Amino acid sequence: MDPYVLKTLNEERRARRAAVLVTDLGDGRDRIVREGDQVAGELGTAIARAFRTGNSESVEAEGRTFFLNAHLPRPRLVVIGAVHISQALAPMARIAGYPVEIIDPRTAFATPERFPDVALHAEWPEDVLTRTPLDSYTALAAVTHDPKIDDFALKAALDARCFYVGALGSRKTHAKRVERLLALGAGADQIARIHAPIGLDIGAASPAEIAVAVLAQTIHAFRSRGLEAKGAVA
Amino acid sequence: MNESIYLDEARDPLIIAEGWMKDGKDVAIATVVETWGSAPRPVGSHLVIDAEGNFHGSVSGGCVEGAVVTEAMDVIGSGKARMLEFGVADETAWQVGLSCGGRIKVYVERLG
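Trainee: Describe the pairing of strand 5 (residues 103-110) of chain B, listing the residues and the values that go with them.
Mentor: All names here are of chain B. Counting buried positions along strand 5 yields seven of eight residues, so the element is predominantly enclosed. Relative to strand 5, strand 1 (residues 27-36) is paired through eight bridges, and the arrangement is antiparallel. Bridged to Thr35 within strand 5 is Ile104. The pairing of strand 4 (residues 82-86) with strand 5 spans five bridges and is classified as antiparallel. Within strand 5, the residue paired with Arg82 across the bridge is Val108.

Trainee: Go over the packing of helix 3 (residues 84-95) of chain A against helix 8 (residues 207-223) of chain A, please, and point to the residues and values.
Mentor: Residues and elements named next belong to chain A. Between helix 3 and helix 8, the shortest axis-to-axis distance is 8 Å and the interhelical angle comes to 50°. Classified by the angle between their axes, helix 3 and helix 8 sit oblique to one another. Crossing angle aside, the handedness with which helix 3 passes helix 8 is right-handed. Contacts between helix 3 and helix 8 involve His84, Ile85, Ala88, Leu89, Met92 and Ala93 from the first element and Pro207, Ala208, Ile210, Ala211, Val212, Val214 and Leu215 from the second. Its residues placed into classes, the contact of helix 3 with helix 8 shows twelve nonpolar, one polar and no charged.

Trainee: Before we move on, could you go through helix 5 (residues 147-159) of chain A and cite the residues and values that matter?
Mentor: Residue and element names in this part refer to chain A. Over its 13 residues, helix 5 extends 18 Å from the first C-alpha to the last, a length consistent with the 18 Å expected when each residue adds 1.5 Å. Against the buried residues of helix 5 lie strand 5 (76-80), helix 4 (125-131), strand 8 (138-142), strand 9 (164-167), helix 6 (171-183) and helix 7 (188-191). Of the residues flanking the end of helix 5, it is Arg161, one or two places downstream, whose phi is positive at about 55°.

Trainee: So what about the interface of chain A and chain B? Which residues, and what values?
Mentor: Between chain A and chain B, the contact holds 19 residues from the first and 19 residues from the second. When residues of the side of chain A that touches chain B are traced back to their parent elements, those giving at least two are helix 1 (3-14), strand 3 (57-61) and strand 4 (64-71) of chain A. Per-element tally for the side of chain A that touches chain B: the top contributor is helix 1 of chain A, with seven residues. Looking at the side of chain A that touches chain B residue by residue, the class counts come to eight nonpolar, five polar and six charged.

Trainee: Can you break down the domain arrangement of chain A residue by residue, with the values?
Mentor: Taken as a whole, chain A is organised into domain 1 (3-71) and domain 2 (76-223). Computed from C-alpha atoms alone, the centre-to-centre distance between domain 1 of chain A and domain 2 of chain A is 32 Å.

Trainee: So what's going on with the sheet that holds strand 4 of chain A? Which residues, and what values?
Mentor: Residues and elements named next belong to chain A. Strand order in the open sheet made by the four strands is 2-1-4-3, with antiparallel pairing throughout. Every other strand in the sheet has two partners, leaving strand 2 (30-34) and strand 3 as the edge strands with one partner each. In this sheet, neighbouring strand axes are inclined to one another by 30° on average, regardless of whether the strands run parallel or antiparallel. Note: strand 1 (residues 19-24) against strand 4, six bridges, orientation antiparallel. Within the sheet, the bridge partner assigned to Val20 lies in strand 4 and is Ala70.

Trainee: Mind laying out the sheet that holds strand 5 of chain A, listing which residues take part and the relevant values?
Mentor: Residues and elements named next belong to chain A. If you walk across this open sheet you meet the five strands as 7-6-5-8-9, and the pairing is parallel. The open sheet has two edge strands, strand 7 (119-121) and strand 9, and neither has a second partner. The sheet shows a mean angle of 15° between the axes of neighbouring strands, direction not considered. Relative to strand 6 (residues 100-103), strand 5 is paired through four bridges, and the arrangement is parallel. By the bridge assignment for strand 6, Val78 is matched with Glu101. Strands in contact with helix 8 are strand 5, strand 8 and strand 9; relative to strand 9, the strand with the most contacts, it is inclined by about 155°.

Trainee: Describe helix 3 of chain A, naming the residues involved and giving the relevant values.
Mentor: Residue and element names in this part refer to chain A. Buried within helix 3 we find Ile85, Ser86, Leu89, Ala90 and Ala93. For helix 3, the buried positions fall inside an angular range of 125° around the axis, keeping them on one side. Contacts from the buried residues of helix 3 go to strand 5, strand 6 and helix 8. Looking at the residues trailing helix 3, positive phi occurs at Gly97, about 100°.

Trainee: Tell me about the packing of helix 1 of chain A against helix 1 (residues 13-22) of chain B, residues and numbers included.
Mentor: Working note: a packed helix pair is described by the angle between its axes plus the distance between those axes. Interhelical geometry of helix 1 of chain A versus helix 1 of chain B gives an angle of 130° and a closest axis separation of 10 Å. In terms of their interaxial angle, helix 1 of chain A and helix 1 of chain B are classed as oblique. Two packed elements cross with a definite hand, and for helix 1 of chain A against helix 1 of chain B that hand is left-handed. Between helix 1 of chain A and helix 1 of chain B, the contacting residues are A:Pro3, A:Leu6, A:Lys7, A:Leu9 and A:Asn10 on the first element and B:Leu14, B:Ile15, B:Ala17, B:Glu18 and B:Met21 on the second. Residues belonging to the contact of helix 1 of chain A with helix 1 of chain B are distributed by class as follows: seven nonpolar, one polar and two charged.

Trainee: For the confidence of the model for chain A, give the residues involved together with the corresponding values.
Mentor: Per-chain confidence: chain A averages 94 in pLDDT, with 96% of residues scoring 70 or above. pLDDT under 50 marks residues 229-234 of chain A. Its contacts with residues more than four places away, or in other chains, come to four contacts.

Trainee: Quick rundown of the environment of A:His174? Include the residues and the values.
Mentor: Residues and elements named next belong to chain A. In this fold, His174 is placed in helix 6. On the basis of neighbour counts, which here come to 19 C-beta atoms within 10 Å, the residue His174 falls in the partly exposed class. The spatial distance from the C-alpha of His174 to the C-alpha of Pro197 is 7.4 Å, given a sequence separation of 23 residues.

About the cut-offs
- Sequence positions are assigned chain by chain, starting from 1 and proceeding in written order.
- Key to labels: chains lettered from A, ligands numbered from 1, both in the order written.
- Local features in this predicted model are restricted to residues of pLDDT 70 or higher, and side-chain atom pairs are both shown and tallied only at a pLDDT of 80 or more, whereas totals for entire chains, interfaces and linings draw on every residue.
- The exposure scheme places C-beta atoms from the backbone and then counts, for each residue, the other C-beta atoms within 10 Å of its own, assigning buried at 20 or more, exposed at 12 or fewer, and partly exposed in between.
- Each helix corresponds to a stretch of at least 4 residues labelled H or I by DSSP, and each strand to a stretch of at least 2 residues labelled E; elements are numbered beginning at the N terminus.
- In this analysis, strands are considered paired if DSSP registers two or more bridges between them.
- Comment: axis = line fitted to C-alpha atoms, over the contacting stretch for helices; angle = value between 0 and 180 degrees taken between N-to-C directions.
- Note that the term roughly parallel is reserved for angles under 35 degrees, roughly antiparallel for angles over 145, roughly perpendicular for angles of 65 to 115, and oblique for everything else.
- In this scheme the crossing of two helices becomes right-handed for a clockwise turn of the near helix relative to the far one and left-handed for an anticlockwise turn of less than a right angle.
- Once C-beta atoms have been placed from the backbone, residue pairs whose C-beta atoms lie within 7 Å are recorded as contacts.
- Here the term charged refers only to Asp, Glu, Lys and Arg, the term nonpolar to Ala, Val, Leu, Ile, Met, Phe, Trp, Tyr, Cys and Pro, and the term polar to all other amino acids, Gly among them.
- To estimate how far a helix should reach, multiply one less than its number of residues by 1.5 Å.
- Where each domain starts and ends follows an automatic or database-derived domain assignment.
- Comment: arc refers to directions from the helix axis out to C-beta atoms.
- Predictor confidence is given residue by residue as pLDDT, running from a minimum of 0 to a maximum of 100.

In structure tokens form, the structure reads like this:
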């Protein structure tokens, strides 16, 4: 392995950016491919698959054998709002492999009694997200219904290109939210990425069912990353 | 289960390999590149080895690490990468094997 390649790979991994290490098993040459880099042919197809699935594999391409080692940051879910839905969502998401952090400045809601074993911040999103910024391997679900708490986080999630951004509220509530986000400087195309009403349409009624809908939508967003641009996902 | 979203720098093989390199040590990196059947560590897993035989990480459940470390010392010496294959102990030419019944292919290369 090239020492510079190892150094670069570790930099990407530390910064929570996805990278695929491509090693030619014939001559040992290696290189880093970052998400979004264009690689042609069969090798490019295999690299795109590695980014999407996170699975590493040996592939035959152009008459050679390559090993693709996929280094994807671990996805996580940030929930704005220590509410009833979040109580169900936190353990479900953790089981599905998405560690959860919950942010809610309302200390009556954000208590360890209501959220055992969850990373819980009884603080404003402004403070927490400055300390630990959002990134493209983070999903954000805003479920407080309170613009004072949700709006900053939603704008930050759009700016950080979170792979999933969802906001609780009816279409009417969302229409007002869109106005506020435009006033905060968000672009219309950015705002169109927000899933609202939140969650896959499975007819969810109870808080736990809504949590299932949100988690399913998060997983779908994660596994279809990059496909929107090619029109493969509606 | 490690739930941190950040690298566990004290135990991450590739971070350790980079640290060894900075300390001027000779290093080999072993990577699981293929598995068949039941395999204890997934494709992409690393074992990193220095010239004194210190190692971190894993390519199996401890079954073949000893053999990989020995091979790695040769690779550090020669600079030539090797592909190793391990299966059930008595079905392969290797003295060590995987009791789980799986087979793995491990690529061993020198860093630099």
